[in-house]
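Observations on chain architecture
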Amino acid sequence: MTSHEDVFGQEAAATCFAPGRVNLIGEYTDLIGGNVLPMPLTKGITVTVGPALSGVHAFSTAEETKIEINLGEGKKNHWADYVAGPLVMAEKAGATIPPMNLMVESDLPAGAGVSSSAALEVATLKALFAFTGQGHSNTDIALLAQKAENEFCGVKCGIMDQMAVSVGNQGHALALNCETLEWDQVALPKGWSIAVIHCGEARQLTDGAYNERRAALDEAAAEIGPISLRSQSIDVAEKLSDPLVVRRVRHVLSEQARTLRATEALRAGDMSLLGKLMNESHESLRTNFEVSTGSLDRLVAAARDAGAFGARLTGAGFGGCIVALVAESERESWWHAVSTECPAAWAVEL
Ligand code: ADP
Ligand code: MG
């Protein structure tokens, strides 16, 4: 294994970790400032940091290239943008960026929908602040990381990923209100396991589809008038004129209600109800929001047939991962049955 010392000839002064994340429920609800329920994975990204004579240098064991980052130069369209962006945003917010060496090490698959980008951004910021001794709350770090992804990397993401990765707690789901950023941690009861399985089909480029969903919700908001979409009851969807907009609104409003119920179910340890709501979420994503694929549907069906209490696509859809709620004692046999049924699927985390 490559160490900080191997790459930079010095011991690391600080080591910071940020996990990947999976969203249990609350898909696309961030578009209306709704609630989400993501959970940190055990896999993640570690960034080590040490002093340099001049400049900022970054190395990733996944890329095996040492890169000098010039903070004045902007986006370069390569992996180190996810290190440079957070540093640039921290500097804009008043932080000092000293000469330093950063090493990135990961056991998280990149581009699989478990937020390696947010993990890299947040671990970089935590390493910077640990190294310089500048104090920042985990929420401030999440906001800086999101700003980096939005403005520096040019990816229009909401706040869920960075919050889950920055303030999330292992073994707990983060019940997060995306509008107020209020949150609390809800423990996963003992005896239960959250499985994250990739369907084997890479996530398709979804910019066009994403913009269409956003436009439909904007159209609905304009038709409804001054009261925000989020505070409407579900039947408002049925009064809208465009049938496509009806389906899109039906999804976000029903998903918002499901997310609140699912959070309470998890708090109460009612895993049957949590599973049922996860299943309903998938159904709505498939029929109303139309972001599922044949591979995701088959994997969700296989997961349920093999005994999952609930299973749904997680993340943006169009390929990528599902999340399943499985009894801990059945995890191995469950995965054996699922992988036999869907040979292209692979486990991100069991
Ligand atoms: P996701 O966040 O779902 O994993 P993204 O496309 O948002 O997918 O982010 C993936 C990008 O993050 C990679 O293309 C790469 O630029 C960067 N990245 C992730 N992990 C690493 C790593 N270990 N080393 C270097 N860059 C990484
Ligand atoms: Mg990402």
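Being a predicted model, the structure only gives us computed values, none of them experimental.

A word on helix H4 (residues 138-152). Every α-helix carries 3.6 residues per turn, so stepping three or four residues along brings you back to the same face. An ideal rise of 1.5 Å per residue puts 21 Å on 15 residues; H4 measures up with 20 Å between its terminal C-alpha atoms. Listing the buried residues of H4 in full gives Ile141, Ala142, Leu144, Ala145, Gln146, Ala148, Glu149 and Phe152. On its buried side, H4 packs onto helix H2 (81-92), helix H3 (116-132) and helix H5 (160-167). Taken from the residues just after H4, Gly154 is the one with a positive phi, measuring 80°.

Close contacts around ligand 1 come from 17 residues, with Ser60, Gly111, Gly113, Ser116 and Ser117 the closest. Taking Gly113, its main chain carries an N or O atom lying 3.1 Å from an oxygen atom of ligand 1. At a separation of 2.6 Å, an oxygen atom of ligand 1 approaches a polar side-chain atom of Ser116. Expressed as a share of its isolated accessible area of 570 Å², the protein-covered part of ligand 1 is 80%. Placement of ligand 1 is best described as lying within the largest pocket. Going through the elements one at a time, strand E6 (100-106) and H3 are the ones with two or more residues in the shell around ligand 1. Residue contributions to the shell around ligand 1 peak at 3 residues, all from H3. Partitioned by chemical class, the residues of the shell around ligand 1 number 9 nonpolar, 7 polar and 1 charged.

Partitioning the chain into structural domains gives domain 1 (4-187) and domain 2 (192-349). Its C-alpha centre places domain 1 at a distance of 26 Å from the equivalent point of domain 2. Opposite the 32 residues of domain 1 that make contact, domain 2 presents 39 residues. It is Ile25, Tyr28 and Ile32 that lose the most area in domain 1 upon contact with domain 2, and together they represent 25% of the buried surface on that side. Our count for the contact surface shared by domain 1 and domain 2 stands at 2 salt bridges. Note that Arg267 is salt-bridged to Asp184, the shortest N-O span being 2.6 Å. Taken together, the connections running from domain 1 to domain 2 amount to 19 residue pairs in polar contact (both at pLDDT 80 or more). Elements represented by at least two residues in the side of domain 1 that touches domain 2 include exactly strand E1 (14-23), strand E2 (35-36), strand E3 (38-51), strand E7 (172-177) and strand E8 (183-187). It is E3 that contributes the most residues to the side of domain 1 that touches domain 2, 4 residues altogether.

Attention now moves to the sheet that holds E7. Pairing between the strands of a sheet comes from backbone hydrogen bonds, and it takes one of two forms, parallel or antiparallel. One open sheet accounts for 3 strands, arranged E2-E7-E8; its pairing is antiparallel. In this open sheet, the two strands that pair with only one neighbour each are E2 and E8. Relative to E7, E2 runs antiparallel, the two being bridged by 2 bridges. The partner of Asn35 across the bridge, within E7, is Asn177. Packed onto the sheet, helix H7 (residues 243-268) meets E2, E7 and E8 and runs at close to 50° relative to E8.

Once that is clear, we can look at the side chain of Gln162. Residue position: Gln162 is located in helix H5. Discounting chain neighbours no more than four positions away, the residues touching Gln162 are Ala118, Glu121, Val122, Ala142, Ala145, Gln146, Glu149 and Cys157.

Definitions and limits used
- Residues numbered from 1 in each chain as written.
- Chains lettered and ligands numbered in written order.
- Predicted model: local features only at pLDDT ≥ 70, side-chain atom pairs only at ≥ 80, totals over all residues.
- Heavy atoms only, no water.
- Helix = DSSP H or I, 4+ residues; strand = E, 2+ residues; numbered from the N terminus.
- Expected span 1.5 Å × (residues − 1).
- Buried < 20%, exposed > 50% of the residue type's maximum accessible area, 1.4 Å probe, protein only.
- Contact = heavy atoms within 4.5 Å.
- Near = heavy atom within 4 Å.
- Polar contact = N/O pair within 3.5 Å; in protein donor to acceptor, adjacent residues only side chain to side chain.
- Areas by Shrake-Rupley, 256 points an atom, 1.4 Å probe, with all protein chains shown as cover.
- 1 Å grid on protein atoms, 1.4 Å probe; cavity = no way out; pocket = protein on both sides within 12 Å on 5 of 7 lines; lining within 4 Å.
- Sits in = over half its atoms within 2 Å of the grid points.
- Nonpolar A, V, L, I, M, F, W, Y, C, P; charged D, E, K, R; others polar.
- Domains from an automatic or database assignment.
- Buried area = accessible area lost by both parts, 1.4 Å probe.
- Salt bridge = Lys/Arg side-chain N within 4 Å of Asp/Glu carboxyl O.
- Pairing = 2+ DSSP bridges.
- Axes fitted to C-alpha atoms, helices over the stretch in contact; angles between N-to-C directions.

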